[in-house]
Amino acid sequence: MDATTAAQDFSPSTQDVQEIVRTGVDYIESWYTGDAERMKGCLHPELAKRFVMKDPDSGATLLRTTTAQRMYELTGQGEGTNLPEASKTHEVTILDAFRNIACVKVVSHDYVDYLDIARFDERWLIVNALWDMRHPDPT
(Lines give C-alpha, C1' and ligand atoms only; values in the text may rest on other atoms or scores of the structure.)
Protein backbone atom coordinates (compact mmCIF):
# COMPACT_ATOMS: atom_id res chain seq x y z
CA MET A 1 0.00 0.00 0.00
CA ASP A 2 1.42 3.36 -0.96
CA ALA A 3 1.12 6.55 1.10
CA THR A 4 -1.68 7.91 -1.12
CA THR A 5 -3.85 4.85 -0.53
CA ALA A 6 -3.14 4.84 3.20
CA ALA A 7 -4.11 8.51 3.51
CA GLN A 8 -7.48 8.16 1.73
CA ASP A 9 -10.58 8.44 3.87
CA PHE A 10 -13.11 5.74 3.05
CA SER A 11 -15.63 6.90 5.66
CA PRO A 12 -19.15 7.51 4.40
CA SER A 13 -20.26 11.08 3.81
CA THR A 14 -22.98 12.62 5.95
CA GLN A 15 -25.39 12.10 3.06
CA ASP A 16 -24.37 8.44 2.76
CA VAL A 17 -24.94 7.91 6.50
CA GLN A 18 -28.42 9.41 6.17
CA GLU A 19 -29.22 7.22 3.16
CA ILE A 20 -27.88 4.07 4.81
CA VAL A 21 -30.03 4.72 7.89
CA ARG A 22 -33.00 5.56 5.64
CA THR A 23 -32.64 2.16 3.95
CA GLY A 24 -32.88 0.42 7.33
CA VAL A 25 -35.84 2.58 8.34
CA ASP A 26 -37.62 1.94 5.03
CA TYR A 27 -37.11 -1.79 5.54
CA ILE A 28 -38.76 -1.99 8.95
CA GLU A 29 -41.39 0.73 8.47
CA SER A 30 -42.56 -0.78 5.18
CA TRP A 31 -42.93 -4.12 6.99
CA TYR A 32 -45.00 -2.47 9.74
CA THR A 33 -47.25 -0.63 7.29
CA GLY A 34 -47.60 -3.31 4.59
CA ASP A 35 -46.09 -1.00 1.97
CA ALA A 36 -44.71 -3.42 -0.63
CA GLU A 37 -43.54 -0.61 -2.96
CA ARG A 38 -41.48 0.97 -0.18
CA MET A 39 -40.04 -2.46 0.66
CA LYS A 40 -39.18 -2.95 -3.01
CA GLY A 41 -37.32 0.37 -2.97
CA CYS A 42 -34.87 -0.76 -0.28
CA LEU A 43 -34.16 -4.36 -1.31
CA HIS A 44 -31.80 -5.53 -4.02
CA PRO A 45 -33.68 -7.94 -6.33
CA GLU A 46 -31.14 -10.67 -5.44
CA LEU A 47 -31.67 -10.29 -1.68
CA ALA A 48 -30.98 -13.32 0.51
CA LYS A 49 -32.76 -12.97 3.86
CA ARG A 50 -31.83 -15.80 6.20
CA PHE A 51 -32.94 -17.23 9.53
CA VAL A 52 -31.25 -20.05 11.49
CA MET A 53 -33.91 -22.33 12.99
CA LYS A 54 -34.46 -25.75 14.48
CA ASP A 55 -36.55 -28.20 12.50
CA PRO A 56 -39.46 -29.04 14.82
CA ASP A 57 -39.53 -32.66 13.66
CA SER A 58 -35.85 -33.63 13.47
CA GLY A 59 -34.27 -31.02 15.74
CA ALA A 60 -31.71 -30.33 13.00
CA THR A 61 -30.45 -26.77 12.60
CA LEU A 62 -31.63 -25.35 9.28
CA LEU A 63 -31.04 -22.20 7.30
CA ARG A 64 -34.29 -20.74 5.97
CA THR A 65 -33.94 -18.26 3.09
CA THR A 66 -36.45 -15.68 1.90
CA THR A 67 -36.08 -13.91 -1.44
CA ALA A 68 -36.78 -10.29 -2.32
CA GLN A 69 -39.87 -11.37 -4.25
CA ARG A 70 -41.21 -13.22 -1.22
CA MET A 71 -40.54 -10.18 0.99
CA TYR A 72 -42.57 -8.01 -1.41
CA GLU A 73 -45.41 -10.54 -1.26
CA LEU A 74 -45.36 -10.92 2.54
CA THR A 75 -45.19 -7.16 3.02
CA GLY A 76 -48.07 -6.56 0.62
CA GLN A 77 -50.13 -9.22 2.43
CA GLY A 78 -49.69 -7.23 5.63
CA GLU A 79 -47.66 -9.83 7.53
CA GLY A 80 -45.99 -7.17 9.68
CA THR A 81 -49.00 -4.94 10.28
CA ASN A 82 -50.64 -6.81 13.15
CA LEU A 83 -48.77 -5.05 15.98
CA PRO A 84 -50.37 -2.22 17.94
CA GLU A 85 -49.01 1.17 16.85
CA ALA A 86 -47.17 1.64 20.17
CA SER A 87 -45.19 -1.57 19.50
CA LYS A 88 -44.08 -0.54 16.01
CA THR A 89 -40.74 0.69 17.30
CA HIS A 90 -37.31 0.40 15.76
CA GLU A 91 -33.70 1.39 16.22
CA VAL A 92 -31.31 1.51 13.26
CA THR A 93 -27.55 1.48 13.92
CA ILE A 94 -24.75 1.55 11.37
CA LEU A 95 -22.22 -0.99 12.67
CA ASP A 96 -19.65 -0.25 9.98
CA ALA A 97 -19.41 1.41 6.59
CA PHE A 98 -16.65 1.39 4.01
CA ARG A 99 -16.79 2.96 0.55
CA ASN A 100 -19.89 1.42 -1.01
CA ILE A 101 -20.87 -1.12 1.66
CA ALA A 102 -22.31 -0.99 5.15
CA CYS A 103 -23.47 -3.31 7.91
CA VAL A 104 -26.58 -2.15 9.76
CA LYS A 105 -28.41 -3.49 12.80
CA VAL A 106 -32.17 -3.01 13.00
CA VAL A 107 -33.83 -3.78 16.32
CA SER A 108 -37.62 -3.79 16.21
CA HIS A 109 -40.31 -5.05 18.54
CA ASP A 110 -40.12 -8.62 17.25
CA TYR A 111 -36.80 -8.92 15.42
CA VAL A 112 -33.09 -8.23 15.32
CA ASP A 113 -31.86 -7.93 11.72
CA TYR A 114 -28.27 -7.57 10.55
CA LEU A 115 -28.36 -6.01 7.09
CA ASP A 116 -25.59 -5.90 4.50
CA ILE A 117 -26.28 -2.80 2.44
CA ALA A 118 -24.47 -1.72 -0.72
CA ARG A 119 -24.56 1.33 -2.97
CA PHE A 120 -25.87 0.73 -6.47
CA ASP A 121 -25.38 3.96 -8.41
CA GLU A 122 -27.00 6.48 -6.05
CA ARG A 123 -29.18 4.02 -4.10
CA TRP A 124 -28.31 2.02 -0.99
CA LEU A 125 -29.99 -1.41 -1.12
CA ILE A 126 -30.12 -4.39 1.22
CA VAL A 127 -28.38 -7.38 -0.35
CA ASN A 128 -28.27 -9.72 2.65
CA ALA A 129 -30.21 -9.97 5.89
CA LEU A 130 -29.65 -12.33 8.81
CA TRP A 131 -32.36 -12.16 11.46
CA ASP A 132 -33.69 -13.70 14.64
CA MET A 133 -36.69 -13.27 16.89
CA ARG A 134 -36.17 -10.98 19.89
CA HIS A 135 -38.62 -12.98 21.98
CA PRO A 136 -38.35 -16.59 20.84
CA ASP A 137 -41.18 -19.00 21.47
CA PRO A 138 -40.43 -20.62 24.84
CA THR A 139 -41.45 -24.07 23.59
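Residues numbered from 1 in each chain as written. Predicted model: local features only at pLDDT ≥ 70, side-chain atom pairs only at ≥ 80, totals over all residues. Heavy atoms only, no water.

### Points about the state of the cysteines
Right, on to step 1. According to the stated counting rule, one finds zero disulfides in the structure shown.
Right, on to step 2. Between C42, a free cysteine, and C103, which holds the nearest cysteine sulfur, the sulfur-to-sulfur gap is 16 Å.
Right, on to step 3. Overall, the relative accessible area of 1% leaves C42 in the buried class. (Disulfide = S-S within 2.5 Å. Buried < 20%, exposed > 50% of the residue type's maximum accessible area, 1.4 Å probe, protein only.)

### Topic: the sheet that holds strand β5 (residues 111-120)
Right, on to step 1. Read from one edge of the open sheet, six strands run β2-β1-β6-β5-β4-β3, paired in mixed fashion. Looking at which strands have only one partner, the edges of the open sheet turn out to be β2 (61-67) and β3 (90-98). The mean angle between the axes of side-by-side strands here comes to 20°, regardless of whether they run parallel or antiparallel.
Right, on to step 2. Examined bridge by bridge, β3 and strand β4 (residues 101-108) share eight bridges and lie antiparallel to one another. The residue of β4 that forms the bridge with T93 is K105.
Right, on to step 3. Across the sheet, helix α2 (residues 14-33) touches β1 (43-54), β3, β4, β5 and β6 (123-133), and the angle it forms with β3 is around 140°.
Right, on to step 4. Taken strand by strand, helix α4 (residues 68-76) contacts β1 and β2, and its axis lies near 80° from that of β1. (Pairing = 2+ DSSP bridges. Helix = DSSP H or I, 4+ residues; strand = E, 2+ residues; numbered from the N terminus. Axes fitted to C-alpha atoms, helices over the stretch in contact; angles between N-to-C directions. Contact = heavy atoms within 4.5 Å.)

### Topic: the pattern of salt bridges
Right, on to step 1. Counting across every chain of the model gives six salt bridges.
Right, on to step 2. As a salt-bridge pair, R119 and D16 come within 2.8 Å of each other at their nearest N and O atoms. With R119 in strand β5 and D16 in helix α2, this pair connects stretches of sequence that are 103 residues apart.
Right, on to step 3. Between R38 and E29 there is a salt bridge, with its nearest N and O atoms 2.7 Å apart.
Right, on to step 4. Residues joined by salt bridges that share partners form a network here, namely R22, D26, E29 and R38. (Salt bridge = Lys/Arg side-chain N within 4 Å of Asp/Glu carboxyl O.)

By themselves, these are just geometric observations and shouldn't be taken as functional.
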